[in-house]
Amino acid sequence: MAIPKILGTVAQETEPASKNPELARINSYFDGGNAHRFNGFGRRNDHDAYFDPKINPESDRTRACVSVEWVAFAEIAQDANMVYVPCGISSGLRAHELLDQQNRSHQTTGGDRAVTTYKAEEYLGPRRHVGMAMEPNKADNLRRARIVGRTQPDNMIIAPVVREGAVRELTRTGAFTRWQRYEEEDFMAFWYPAIDKCKGMVLDGDWNFSRNSIWEMMRGALIQSGEIPSRPGADMDVRDLEGNDVTLLTRAEKVTETLKYQLGKGFETREAATALAQIFTLDEEIRAGTIPVKGTSLHPVLKNRPPEELAAMDRLKTEIEPILLAHCAHYMRLDDLPAKYQDAAKAEPQELTKDQREAFSAFAEGISARSLDILSVKPSRKLMAKLAQSDPSPRREFDSHERFFEKRAQAMMFEDDLYSKLSEWERVALPFAIGATETGLYPTAKPMATMVFTDLKRGKEGFRRAQATGAHDMNENAGALGRETAEVISINAQDAEALKAKLKTENPGKIVVNTPSFLRIADTIEHFRKIGVPEDGPHRFVAAPGASETSPQMRLALQMKYLDRNVDRAVFQEGWEHSNDLVQLRVRARLIQAGLVERPAGAQSALRVVSTADTATPETLLDDIKLLTKEVKRAADANVRAPEQAIALARLITLHELLVDPTLQRSGGKPTRELVNTLTADESLTCYNREEARAVSSEAKTLLTDKAALWMPRERLRAEPAADDDVDRVAAKEVQNRRMEDYIKAQDSQRGKKALATQRTVRDETQVDSKGARR
């Protein structure tokens, strides 16, 4: 289908990208419109405005990537209740310990000494850094995310490692940023807005040894203080793995642990020192009554602090603040800190005394000695018993993004491989966008999504108006309707958004998306593809040749991949049979139901196919065949072509035949494992009136072989086995080819008849005049 611009709620062909609410939201961060206390967005030590194009013009490219990523994530997450689970990925206690070991060895070899986990890979080497720090950190973050998801089953869980689906695409190719490294500011440019949307945060493990997790913890503290403009209600719960509130004192104590460790090991203390100064400042202002300010609130965990907690905070401050002022201020981010920190940063930093060095060194060695205990994911017996009370539903695999478009991700039968037909830049951009849509882990209670599929220019409304104008060819529908096309788009877009809202209301906690969600993602990609920075020209987003606009095939591939991976209820617009895109998506849904598309959550992740007219009752395969037969017959009678409908009809008839006669599933007549498992195939594929189905299928096949077979692209009828196909996939392709032979023969027959008819026409029109001359 020809896709309009849909960046606003209702499609407008000329709307600029800024009309997209989520793009406007992320722009507000980049443009400084969301400034707040201790603002770390786009800040670093060497300059104050990482995303200022005048200071750092190359940041425009990563800004484009973050913006596209944000819109893709936000279109899926929407207003879901989300819980953030901070963790170290490249840093954390593991990276500190590895660097410390290496520093000790360099005392004798004279090698460079690492003083921060920033760029730890350069000191440790990629293999050691990934294998001994990053991979274990990722695994622990996933373990915690799973536990949090089980204890908070109605919430979407945001675990930083899951973002790898998008970030890995950035590092895999230089087409996004011209090999410009994704810096901490780029990562946090995404995480700060994400945290601002979260209702909860869980602090566990060694989060306090991660540079970025310390900033993320502080973001939660600022939200609870009412200091983030978008969160005046201070409505974020910060808890531990057991579900207990984490006090401001506990957070300060954990960061103090990091500070002492880093001083004892000779590491820079920028993040820990800054966060402690910020916590002490918040504590003072809360007690003084200057926080919360008018119009904002204070979270109960900060408002209702017992005297013993306040006394402990005073003791901690008395111990640590002199160290911050004397030894750490020159490292710190000073924005919005009291004058005493600003003044201390201007003075010459003091050396630690011998007693201080020895004390901090002993403390740090104690941390090293119990590092395994700190790193362990260790729920209590009570929590373990709670987890054992429920069985989680199948979930999407982690790292399944690596198989977005490889062979095993394709359908075993009737795979059109849309990805290979895209332009070079689209093949680069698409996996990045898909990875971004999967940054959040869906609620454990409802681990998959509902999706409403709509063709904005067609469907029931588009067909009705086409009929009124006397237009029979739906492929020429837009031209026939003229200005009425905008009205059709508006009606269909409003219906899609209204139905999405209705389904979300009926299913609290369920992720519900629709076609306009994905069109906004595609339009955001297109927006950044069209603009550029002065030295680069256009194509800021993906530096690869090709058109600026996203193709209809890319938009279809984006929706189809989401359907493959994340949907358990597909809701199709009435009149889907008139849409080229929707008939392809409908066939794909049936192949998923039959187990012919491998899903990341496994074959047991069910899919229901319903209509917008009745979102509760699944429609059957027979319903599809009847509707498509009617549409193909209408086109044939009107002497116009409907190739997508014809090939979809042929495929669904074949699927019906395989289901009612399992012997047809054999490869080359030899017994093979059944292609469609009737025990797991959805009931809507197998349970309907067989006598009616036989009559309908017979009529449909006659219609196809007599007229419509000629419309079908021949290359989509046959499937060529690949060298790396497994036995089951080879068998499926052989079955497909055998079942398509009737249509291929019908094509040949129709072409022969057409050629013969043409010859006769030419012969009849050739007349010889009385002089023997041909006319």
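Higher on the page you've got the structure.
Draft legend 1. Spotlight on the pattern of salt bridges. Counted under the stated rule, the structure contains 70 salt bridges. Arg-287 is the salt-bridge partner of Asp-283, the closest N and O atoms lying 3.2 Å from each other. Of this pair, Asp-283 and Arg-287 are both found in helix H10 (residues 270-288), 4 residues apart, which corresponds to roughly one turn of the helix. Judged by its relative accessible area of 3%, Asp-283 falls in the buried class. A relative accessible area of 37% means that Arg-287 is categorised as partly exposed. It is possible to trace a salt-bridge network through shared partners that takes in Glu-461, Arg-464, Arg-465, Glu-484 and Glu-487.

Draft legend 2. A look at the nonpolar core. Of all hydrophobic cores here, the largest spans 177 residues; its most connected members are Leu-324, Phe-541 and Tyr-562. When residues in this core are grouped by element, the largest group, 11 residues, is from helix H2 (residues 59-77). Filtering out sequence-adjacent residues up to four positions away, Phe-541 remains in contact with Ala-64, Cys-65, Val-68, Phe-176, Ala-429, Phe-432, Ile-525, Phe-528 and Arg-529. Counting residues in hydrophobic clusters, the runner-up holds 17 residues, among them Cys-87, Ile-89, Met-134 and Val-148.

Draft legend 3. Local environment of the side chain of Arg-163. Position of Arg-163 relative to the elements: it lies in the loop between strand E2 (156-158) and helix H6 (164-172). Judged by its relative accessible area of 2%, Arg-163 falls in the buried class. Ignoring anything within four residues of it in the chain, the contact list for Arg-163 reads Glu-69, Tyr-182, Asp-186, Phe-187, Phe-190, Trp-191 and Thr-439.

Draft legend 4. Spatial organisation of the packing of aromatic side chains. Evaluation of the coordinates by the stated rule reveals 18 aromatic pairs. Consider the rings of Phe-41 and Tyr-192, whose centres lie 6.5 Å apart with planes at 40°: the pair is tilted. Of this pair, Phe-41 sits in the loop between helix H1 (21-30) and H2 while Tyr-192 sits in helix H7 (residues 184-197); the two residues are 151 residues apart in sequence, bridging distant segments of the chain. Between Phe-405 and Tyr-419 the ring centres are 3.9 Å apart and the planes differ by 5°, which places this aromatic pair in the stacked class. Of this pair, Phe-405 sits in the loop between helix H16 (381-387) and helix H17 (424-437) while Tyr-419 sits in the loop between H16 and H17, placing them 14 residues apart in sequence. We classify Tyr-419 as buried; its relative accessible area is 18%. Members of the aromatic cluster, connected to one another through ring pairs, are Tyr-29, Phe-30, Phe-41, Tyr-50, Phe-51 and Tyr-192. The ring of Phe-363 carries Lys-260 above its face, with NZ or CZ at 5.4 Å from the centroid. Over the ring of Trp-215 we find Arg-333, and its NZ or CZ is 4.3 Å from the ring centre.

Draft legend 5. Region of the structure containing unusual backbone geometry. With an omega of 5°, the peptide bond between Ile-291 and Pro-292 qualifies as cis. Following the sequence through the fold, Pro-292 ends up in the loop between H10 and helix H11 (300-303). The phi angle at Lys-119 is positive, at roughly 60°, despite the residue not being glycine. Residue Lys-119 is classed as partly exposed on the basis of its relative accessible area, which comes to 28%.

Draft legend 6. Looking closely at the packing of helix H8 (residues 211-224) against helix H9 (residues 248-265). Where H8 meets H9, the closest approach of the two axes is 12 Å, and the angle between their N-to-C directions is 160°. Taken together, the axes of H8 and H9 lie roughly antiparallel to each other. The interaxial crossing formed by H8 with H9 has left-handed handedness. Facing Met-217, Gly-220, Ala-221 and Gln-224 of H8, the residues of H9 in contact are Leu-248, Arg-251 and Val-255. Broken down by class, the residue content of the contact of H8 with H9 amounts to 4 nonpolar, 2 polar and 1 charged.

What counts, and where the lines are drawn
- Along each chain, numbering runs from 1 in the same order as the chain's sequence is written.
- The predicted nature of this model means local features are confined to residues of pLDDT at least 70 and side-chain atom pairs, given and counted, to a pLDDT of 80 or more, with totals for whole chains, interfaces and linings taken over all residues.
- Hydrogens are left out, water is left out, and the side-chain values use all remaining heavy atoms of the structure.
- By salt bridge we mean one thing: a side-chain nitrogen of Lys or Arg within 4 Å of a carboxyl oxygen of Asp or Glu.
- Comment: elements are numbered from the N terminus, with helices defined as DSSP H or I runs of at least four residues and strands as E runs of at least two.
- Throughout this description, buried means an accessible area under 20% of the type-specific maximum (1.4 Å probe, protein chains only), exposed means over 50%, and partly exposed covers the range between.
- We define the nonpolar core as a collection of buried residues of types Ala, Val, Leu, Ile, Met, Phe, Trp, Tyr and Cys that are connected through side-chain atoms lying within 4.5 Å of one another.
- A contact between two residues is defined here by any heavy atoms of the two lying within 4.5 Å.
- Aromatic pairs are defined between Phe, Tyr and Trp rings, using the six-membered ring for Trp, whenever the two ring centres lie within 6.5 Å; interplanar angles under 30 degrees are classed as stacked, those over 60 as edge-to-face, and all others as tilted.
- We call a charge positioned over a ring when the NZ of a Lys or the CZ of an Arg lies within 6 Å of the ring centre and within 35 degrees of the ring normal.
- Orientation is described by axes fitted as lines to C-alpha atoms, over the contacting stretch for helices, and by angles from 0 to 180 degrees between their N-to-C directions.
- An angle below 35 degrees is read as roughly parallel, one above 145 as roughly antiparallel, one from 65 to 115 as roughly perpendicular, and any other as oblique.
- Helix crossings fall into two classes, left-handed where the near helix is turned counterclockwise from the far one by less than a right angle and right-handed where it is turned clockwise.
- In the scheme used here, Gly and all other residues not listed as nonpolar or charged are polar, with Ala, Val, Leu, Ile, Met, Phe, Trp, Tyr, Cys and Pro taken as nonpolar and Asp, Glu, Lys and Arg as charged.

Function cannot be inferred from these measures alone, as they are strictly geometric.
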